[in-house]
Structure formats: C-alpha cells, structure tokens
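Topology and contacts: notes
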Amino acid sequence: MSHSFKLKSHPDKLLKEHLENVGRLSKEILKSKTIKSKEVFTEVAYLIGITHDFGKATSYFQNWLENGRKTQYAQHGFLSSLVGYLVVRNFLSGAQKLDEFWYLPAVAWIVINKHHGNLRDILNEEAEKLKDQSELEIVKEQLNDIFSNNLTEVVEIYNSLDYSDISKILIEIKNLENLTQQIRKDIKKICKNSFKDYDVRYYFLILLFYSILLDADKLDASGRRNLPKREDIPSDIVDEYKKKKFGKPKTEVDIIREKAYNEVIAKVSDIDLTYERILSINLPTGCGKTLIGLSFALKLRERIKTSFGFTPKIIYSLPFLSIIDQNTKIIEDILKLNHEEIPSNLLLIHHHLADIKYKEIKDGELNIEELNRSLLLTEGWHSEIVITTFVQLFHSLITNKNRAARKFHNITNSILILDEIQSVPHKYWLLINKVLKHLACDFNCWIILMTATRPLIFRDEEIKELVTNPKEYFNAFNRVVFNFDLKIRDLEEFKYEILNKILYGDKNILIVLNTINSCKELYEFLKKELALFYGVDKKDVSIDKDGIANFPDLELINLSTHILPSYRLRRINRIKNGGGKKRKIIVTTQLIEAGVDISIDIVYRDFAPLDCLIQTAGRCNRNDESDEGYVNIVILKNKRQEFYKYIYDSTLIDATRDVIGTFSGTVEEKDFVLSSVDEYYKIVLKRGSKKDSKNILDSIVKLDFSKTSEFNLIQEKLPTVSLFVEINDIAEEIRKKMEEIFESKKGFTQKLEILEMRKEINNYTIQVRCSEKYWMLFLNLNPIDGLEEYRYIKKSELDKYYKIDSGLNLGDRSLNFVML
C-alpha cells in the first residue's frame, strides 16, 4: 500500500524527496572518484546523505517550518548525527568491514553534526557535546515525539530508500548513554592515531565526506537535482591554437619557446603516473609557461584517463587577480577553437570578485542557471577547467569553513597547475608540502608547479622536473643586464635621477616602487616637471579617457590599487599593445610584477626579495626586441626608513642581500638568475621559521579544525575599507541600484542580487588599507545603505577625493605607507 508523505525538509520539499536526492547525489559524487576504498566510501556517503536530516521528522521541526515557532526541540543536526553514526556502523558490521573501517561511523557523526556550521575542535569541543545532559534530554524528547507522531512515515521513508533497518536503529538509539560513550571512544581513538602517526589522513577524510554532504545538500535544496555534464577537451587543442595564432617560429625567442614547449610536452609519455605526481616546469619569464602548462595538463589528463579510467579536472591557480584576466583570455581563445560560446561546466573562473553566473548548454543554447544555483555551482567548482587564486585553492584545503570546504571533493582527482608558486610565503612551505603530497597520494592528484624562481617547497627526490636542463633556457634568455646600486638614497634624490633619464633618453621606462604613497609621489612629481619642461601648466596636462597623462612625445602612466580596476586594466592593455608611437613612462607598485605580459626597455625596482626582483625583470625586454634591457635595483627610503621595511619579511630581504652581495656592479641575466635563486632559497629554507606550518599541522593531526583559521596566505596588517567611486553616470546608476536592492530586498535574495552585480560593482571599487589614525576619515565618507564599512565618493566630490590618473586623492590626509 502506498504511503502519502507529509513530512517536509524545506517549505517546498518533502523530507523523503530531500533525503533521497541528497543520498543519490552523494553516491554519484563519490562513485565518480578514483580513490582508495571507493566501494565502501560510496555506500557510506549514501548513508550519510539519507540520514543527515533525520531530525527534521520531529513535530517540533515541522511546526517551525509551517508556523515559524522555533524551540530548542526543532534543532535537527545532533539527533541526525546519532542516527547517521548507527546506520553507518550497522552497515559496516553487516558487511564484516567494521574492524577495517572502524573510524567511518565517527566521521559520519562529525560531518552530519556540523553540516549547518563550521568544523571545530573535534575532541575538545564537539565530543564534549556528547556528555552534555541537556543536549541528551533534547534528543530523548525528539525521539519520543517521533515515536508518538511520525514513526510510521519515518519507517516508510526509509523503506522507500531501500533501508529497512531504521526501526532497529531507533531501538538502539534509545540507549543514549552507551551510544554517546561509544562515539566519544571512537573519536578519541581517531585523534590519538592521527597525532601519534602525525597523519593528515583523518583530517582529509572528514573534509571529503563533509564536502560531499554539503554540496549534495545545498544543490538539492536549491532545486538542482543533477550534477553538470562532463565535457571533453581535445588533448591537442593547444597545439592547434599555436599553429593558428603564431604559425612557425619566426624570431630567436620564438624558437626557444617552441623548443621548451616541445621538450616539456614530450615528457607526458615518460613520467611514472603512479610515483611521479609532483611535477615542475622551471623556465625563464616570457618562455610561454601558460601554454606549456595547459597543453601538458590536457595531454596528461588523456593519459590518466587511459591508464586509470577517470578523467581529471584541471585547476589552474595563480597568486594574483591582476594576472587571472590575462590567462583567462588566453584559455578562452584556445577553447573557442571548438566552442562558439564557452559554458561554465567547461571553463569556470572563481575568485571573490568573479561573475557568479553559471552557464550551460541546453537544447543547443547557452542558458544561465538560476542565481542561487549559479552561486552554488560556481563556488563548488563544477567545471572541467577552473581558473582561481591561491587563496581560494589553499583556503579550501586548509579550512574549517563550511563554504570553503564544499568544493574539496572537486579538488580530488584533479591536475593542479600552480603558476608563480614562489608567491607562497616561506613560512607555509612545510604545510603546503604535506598537504599537496597527501592530495597526490591519497586522492589521485597531479601537481604542476610553474615558475622562473622555483622555491624549495619540495626536496629534489620529491619532485619531477619536466625541463631537463633549465640552465639552457636561462642562458638563452639573456635579455637584460642587472645593475645593483645598493646605496640607500632618499626618494627625493631618486625623483631627479628618473626625471633626467626621461628628459635625456628615448627609451620606455618602468619604475616599480614598494608603496602606493611613494608611487603617487613620484608620479605627481614627474607630471609637474614634465609639464614645466613642455611649457604646460600642470593642471592643463592632457589626461585621456584611460587616465593617462599625455605629453608631446611620451605617455606618463600611473598604476596602483588606488586606481579603479577597470582603468588599471585599460592602462595595462595600452602598455601591452603598444598603443600609439609615444614612449611610455610607467610608475607603478608591485601589481605589475608577476605574469603581466608587457615588455619595457629600462626598469627601476625598489629593493625587494630576490624572487620579486627577478619577476619584475621579466617585464624588461621580455621578447628580446632590443639588444639589451636594463634592470636597475635601488634602495629607496623616506624620512623614517627604507620602504621595503614596511612591506617585506626581513628573512627574505636579508637572504636577498647576501645573494646579491656576491655580485658586484652589473651582471647579465644568464649569469645571475638561476644560480642566485638556488642559493637564495637555500638560505631562506635554513633561516626561515617553520613555526607557522608546524602549528597548523599540529592542529590538523589533532583534528582541531578551528585552528586552521590561523592559516592566512595574505597577511592584512591594516583594516580595509571598500570605496566605490562615482567616476561617471554608469557608476552612479550602479550605486543607486545597490541601495535600491538593500531597501527593497531582504535576506538571501538581497545577498544574491548584490552578488549578481559584483563584477559591475568591482569595476568602480578600490580596497583601501589604512591605519586607525585615518580610519574615521573613511568612515565619515558617504555610506552605502546596507553595506557596513563600504563608502562612496559622489561625482560632485571627485575633485576633492579622486583623480582619474592617480586615483584616490586625500591630499595632506593621505595614507602613510600603504602597500599594493
């Protein structure tokens, strides 16, 4: 006899339907993986899925859902976790696998108990809840309620899910004291074994099942019942792109790039897929690592599919937002060889400012998924190729956060391309080493490190270098001469040196400074002096629509994060494309340092860690257009101290001094880069502290998830305010629309509509870090209703607070020593 189901999990969804869908999706996710113990894990994922909301079967929860009356008895996570523990334990016992997989029932308890929150200290916080008599009394009342009111439907729900033992489970759960004691015992054993063996395995197993449950639960709650379709990508698509885009190599640099490309690609068939999973592409800047890395990954993906029977996704991760757009454009152009429009399940860009619209091809047309589901699919990394930041990637591996952890299962079984890996702070090298090795070994991942300055995160025996003789390429790319002028000098003195270089030279010049203030100060000085030289009043200097100062035979360009993102991008594109025939004088902060594909004749760089100096040098004579480029390293200071002291770790600065000290005067690129990098990283490894890595690793093996919050790739020393600038009518309309949303929408709908506008908002927003001394100055600016610590500059106030060429303008109130 059929049963008429009435219990609900959500206002518009039956509990039976939700448990069925979450169980099915969870099983589907794990079944698609190639990992150890897959058969058992798949069944456990299903059982977690069908029990995770068991506690919603109480009348208390149903009344809250229907009438909004919430009591302590309406909570459902704890009761559901107890049921999940017993269901998983009984399955393993019946399958005679409990001795081998004794830890899985406790893992089920942990992930179900916390599926509406963040993971915490499993032993000292979560397990203590099992001894809380008030919590146990709530569970007893909830069970009594189910037995009295909804037992028949609960039994029918689980019968419909092909689980007929729920009655037995409900009898067992009544012995709460014994049950909670057994769970505590299991948790203590997990934590003891984990710490004793210093093993990250249990941490990542919890993260895996947590991730799967979160994704399946949220997708079904949003109305999404299926996972996006997997897409094929031809392994030779980059080869085809290169033929169409570049043809045969024409210049000497082209020939070197082609040789490097062919050498690395040839290694795809040589590597041992089982044991060689940490790979490196160590090539000079400008050698075409983006194309090499992607092509290698696609061919490796094809070989893995043939050898292991699964097709890994590709996650391309970079340290800076400033280079994501550039690399995304290249990868989009490649994929467009086979697709007129690129769906999100083929290529996805995800970072905190990315567009959240998720697009899929249905019935031959590109459709945008509903906004909530778009957000879930984007943040869950449901795509063949994901382009993202180091922050998004590593903070999803080392995390206790519900939102960040949800994508973890889509990181397993993947090829990770880590571009500009030298940007990972040295204090985290040990931690990253352990995490990436575990991903490679236990979750069938292959990691490709790409850099011109390879750090010593891995020992030589732990990593497979794909370039047989990197020195050959570094010698061939002998494009610049380094000049080390390490006499400390005032910025004031340096201003006139640069001015003279401009007035009495004819080359393009790039000046990279360490702070926004020094960058602005030099730019304004040059603008004033050049105006005098050309007989123009400073206020009459022609500033074009991109915010570039135009003089008769040169363009003066300012770049910093105090300039709106859309204007920064336009200026970088002008520099890249060589717009116009005028010389270019670029005054910038470090934002142009790594990955930005520009080529300048002469570079000046304020002192910084060695890898930063070499990355900056990669913007000089990049394509070997002239006989030699010149990279001048200087040490600048203000009245207080050297600028680098406001920005960089002293360990890195001291190591750089030691290495550079072995060279005198000028030195060619081929004689400097490779040898100095090796020595530099040896010094950093020897002197650098491992304390931060060890502290977080200790927390991981103790399963104290809450301490993972101490991991932070970007150290913010100063508070941040978001500043929206009404630089034109479009920006004003965007600001008004934001305020309208805050006024007319509430809760999650409000959040989604603001997220939908995120890309537009970001084009006119700058993030400003400042000391407490100037904090109130910002907070006194115009607030945007509904957004705390978000301010805006009206169009009528632009003259007072913002300049189109140099950005945020606070005059004498300017922020001191704010970095990139």
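Nothing here was measured: the structure is a model prediction, and the numbers come from that model.

This brings us to the packing of aromatic side chains. If you walk through the whole model with that rule in mind, you get 33 aromatic pairs. Taken together, a centroid distance of 5.4 Å and an interplanar angle of 70 degrees make the contact between phenylalanine 41 and phenylalanine 209 edge-to-face. In this pair, phenylalanine 41 sits in helix α2 (residues 38-51) while phenylalanine 209 sits in helix α10 (residues 201-221), placing the two residues 168 residues apart along the sequence. Per residue, the accessibility class of phenylalanine 41 equals that of phenylalanine 209, and both read buried. Taken together through their ring pairs, the aromatic side chains of Phe41, Phe101, Trp102, Tyr103, Tyr202 and Phe209 make up a single cluster.

This part covers helix α7 (residues 133-160). For α7, which comprises 28 residues, the first-to-last C-alpha distance of 34 Å sits more than 12% below the rise-based estimate of 40 Å (1.5 Å per residue). The axis of α7 is deflected most strongly, by about 90 degrees, at asparagine 150. Count one or two residues on from α7 and you reach aspartate 162, which has phi positive near 60 degrees.

A few words now on unusual backbone geometry. Of note, aspartate 162 is a non-glycine position whose phi angle comes to about 60 degrees, a positive value. Structurally, aspartate 162 can be placed in the loop between α7 and α8 (166-172). A positive phi angle, close to 55 degrees, is found at asparagine 413, a residue other than glycine.

Here we take up the sheet that holds strand β10 (residues 446-451). What links the strands of a sheet is backbone hydrogen bonding, and the strands pair in either a parallel or an antiparallel sense. In space, the seven strands of this open sheet follow the order β5-β8-β4-β9-β10-β3-β11, with parallel pairing throughout. What marks the edges here is a single partner per strand, and that holds for β5 (347-350) and β11 (464-465). Along the sheet, helix α16 (residues 390-397) contacts β4 (313-318), β5, β8 (385-389) and β9 (414-419); its crossing angle with β8, the most-contacted strand, is approximately 95 degrees. Across the sheet, helix α18 (residues 429-442) lies against β3 (278-282), β9 and β10, angled at about 155 degrees from β9, the strand it touches most.

The subject of this paragraph is the environment of aspartate 217. You can see aspartate 217 is positioned in helix α10. With a relative accessible area of 7%, aspartate 217 lands in the buried category. When the C-alpha atoms of aspartate 217 and glycine 23 are compared, they prove to be 8.8 Å apart, with 194 residues separating the residues in sequence. Look past the residues within four positions of aspartate 217 in its chain and what remains in contact with it is His18, Val22, His52, Asp53, His115 and His116. A polar side-chain atom of aspartate 217 sits 2.8 Å from a polar atom in the side chain of histidine 18.

Each value, and the rule that gives it
- Residues numbered from 1 in each chain as written.
- Predicted model: local features only at pLDDT ≥ 70, side-chain atom pairs only at ≥ 80, totals over all residues.
- Heavy atoms only, no water.
- Phe/Tyr/Trp six-rings, centres within 6.5 Å; stacked < 30°, edge-to-face > 60°.
- Helix = DSSP H or I, 4+ residues; strand = E, 2+ residues; numbered from the N terminus.
- Buried < 20%, exposed > 50% of the residue type's maximum accessible area, 1.4 Å probe, protein only.
- Expected span 1.5 Å × (residues − 1).
- Bend = angle between axes of the 7 residues up to and from the residue.
- Pairing = 2+ DSSP bridges.
- Contact = heavy atoms within 4.5 Å.
- Axes fitted to C-alpha atoms, helices over the stretch in contact; angles between N-to-C directions.
- Polar contact = N/O pair within 3.5 Å; in protein donor to acceptor, adjacent residues only side chain to side chain.

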